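A look at the structure
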Amino acid sequence: MALDIVFMGTPAFAVQALRRVVEDGWEVAAVYTQPDKPKNRGMKLMPTPVKEYALTKRLPVFQPESCRDEAVLEQLRGLEPDVILVAAYGKLLPQALLDIPKRAILNVHSSLLPQYRGAAPINWAVLNGDAETGVTIQYMAAELDAGDILLKKTTPIAPEEDAAQLYDRLAVLGGEAASEALARLRDGTASRTPQVYGPQYQYASLLSREMSPIDWTRPARAIVNQVRGLLPWPCATAEADGARWKIYRAHVGAGSGKAPGTIL
């Protein structure tokens, strides 16, 4: 049984999911992504990475300002999708949209749910020094990242791997998981496992510049994780020689006998 698919996504992470779905032969009826935004010094309008890729494949692209607009919802209903596949779209989707697809609306989330619901799961896995993480394909629900789980794929996190490097790997893994989830839906083998959220799980809140300054009294491994986890933004920072420095790499060295934060 064929599936009519609508894809919704915006950044480079989402491109990998769309690419894998297209390369595996799934029919994508339309692509929804965020509106073009001005960037760089000239403030020229720039397309999203998903739009750039979709146009190379001659896929129809739509860029609504809001998914709550009734005209947008009617347009989606007119496409009669069996599945809506979402990957880092960047907007909360209303219940009226969640109700549109005939079979399911699925989301590619870059953590092993229910751990790290929220906006920055990749960064928090590195900040916390986790040994592994992964991606989850979930059925979307009105509450953020709270839907039933269809499947998970895990991967180890290398001790020196930073969040930007992990982002690229999880994007590819997310594409693999998305295509596998579509196959299970097509074949009637897709399961649903409800999430049970509890105090042992952490919410992956947005990052901020307040997280950047390094506290040199913290353990060395915690500082290394801070440097790794805050890439590519907002970056760990330190004051030295009257200037503020961004720290992009760090490793645990041998003890020096000097006060923490001393420049050797």
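Here we summarise the structure given alongside this text. Here the structure is a predicted model, which is why all the values come from computation and not from measurement.

**Considerations on unusual backbone geometry**
Cis geometry marks the peptide bond from Leu113 to Pro114, where omega comes out at 10°. Within the secondary structure, Pro114 is located in the loop between strand E7 (104–109) and strand E8 (117–118). In this structure, the amide linkage connecting Trp233 to the following residue, Pro234, adopts the cis form with an omega of 10°. Tracing the chain through its elements places Pro234 in the loop between helix H7 (220–229) and strand E12 (236–240). With a phi angle near 55°, Asp145 is a residue other than glycine that sits in the positive phi range.

**Brief notes about the sheet that holds strand E1 (residues 4–9)**
Pairing is mixed across the open sheet formed by seven strands, whose spatial order is E5-E2-E1-E6-E7-E9-E10. Because the sheet does not close on itself, it has two edges, and the strands there are strand E5 (61–62) and strand E10 (149–156). As paired elements, E7 and strand E9 (residues 132–139) share four bridges and run antiparallel to each other. Across the sheet, His109 pairs through a bridge with Thr136, a residue of E9.

**Description of the pairing of strand E6 (residues 83–87)**
Burial runs high along E6: five of the five residues are buried. What you see with E6 is no split at all: Val83, Leu85 and Ala87 on one side and Ile84 and Val86 on the other are buried throughout. In the sheet, E1 pairs with E6 via five bridges, with the strands oriented parallel. Note that in E6 the partner of Val6 across the bridge is Ile84.

**Side note on H7**
With respect to burial, H7 is a largely interior element, eight of its ten residues being buried. Where H7 is concerned, the buried positions are Ala222, Ile223, Val224, Asn225, Gln226, Val227, Arg228 and Gly229.

**What about the packing of helix H1 (residues 12–23) against helix H6 (residues 163–187)?**
For the pair H1 and H6, the least separation of the axes is 8 Å and the interaxial angle reads 35°. You can see that H1 and H6 cross each other, and the crossing is right-handed. Contacts from Ala12, Phe13, Gln16, Ala17, Arg20 and Val21 in H1 reach Tyr167, Leu170, Ala171, Val172, Gly175, Glu176, Ser179 and Leu182 in H6. Along the lines of polarity and charge, the residues of the contact of H1 with H6 split into nine nonpolar, three polar and two charged.

**Focus on the layout of surface pockets**
Of the voids in this model, the largest pocket is the one considered here, and its volume is about 1200 Å³. Contributing elements (two or more residues each) for the lining of the largest pocket: E7, helix H5 (121–127) and H6. Each residue belonging to the lining of the largest pocket can be placed in one class, and the counts come to 26 nonpolar, nine polar and three charged. As for the second largest pocket, its lining consists of 28 residues, and the residues nearest its centre are Trp216, Ile223, Pro260, Gly261 and Thr262. When contributions to the lining of the second largest pocket are tallied by element, the ones reaching two or more residues are H7, E12 and strand E13 (243–247). The element that contributes the greatest number of residues to the lining of the second largest pocket is H7, accounting for four residues. By residue class, the composition of the lining of the second largest pocket is 17 nonpolar, seven polar and four charged.

The rules behind the values
Residues numbered from 1 in each chain as written. Predicted model: local features only at pLDDT ≥ 70, side-chain atom pairs only at ≥ 80, totals over all residues. Heavy atoms only, no water. Helix = DSSP H or I, 4+ residues; strand = E, 2+ residues; numbered from the N terminus. Pairing = 2+ DSSP bridges. Buried < 20%, exposed > 50% of the residue type's maximum accessible area, 1.4 Å probe, protein only. Axes fitted to C-alpha atoms, helices over the stretch in contact; angles between N-to-C directions. Left-handed = near helix turned anticlockwise from the far one by under 90°. Contact = heavy atoms within 4.5 Å. Nonpolar A, V, L, I, M, F, W, Y, C, P; charged D, E, K, R; others polar. 1 Å grid on protein atoms, 1.4 Å probe; cavity = no way out; pocket = protein on both sides within 12 Å on 5 of 7 lines; lining within 4 Å. Points joined across faces, edges and corners; volume = space filled by probe spheres on them.

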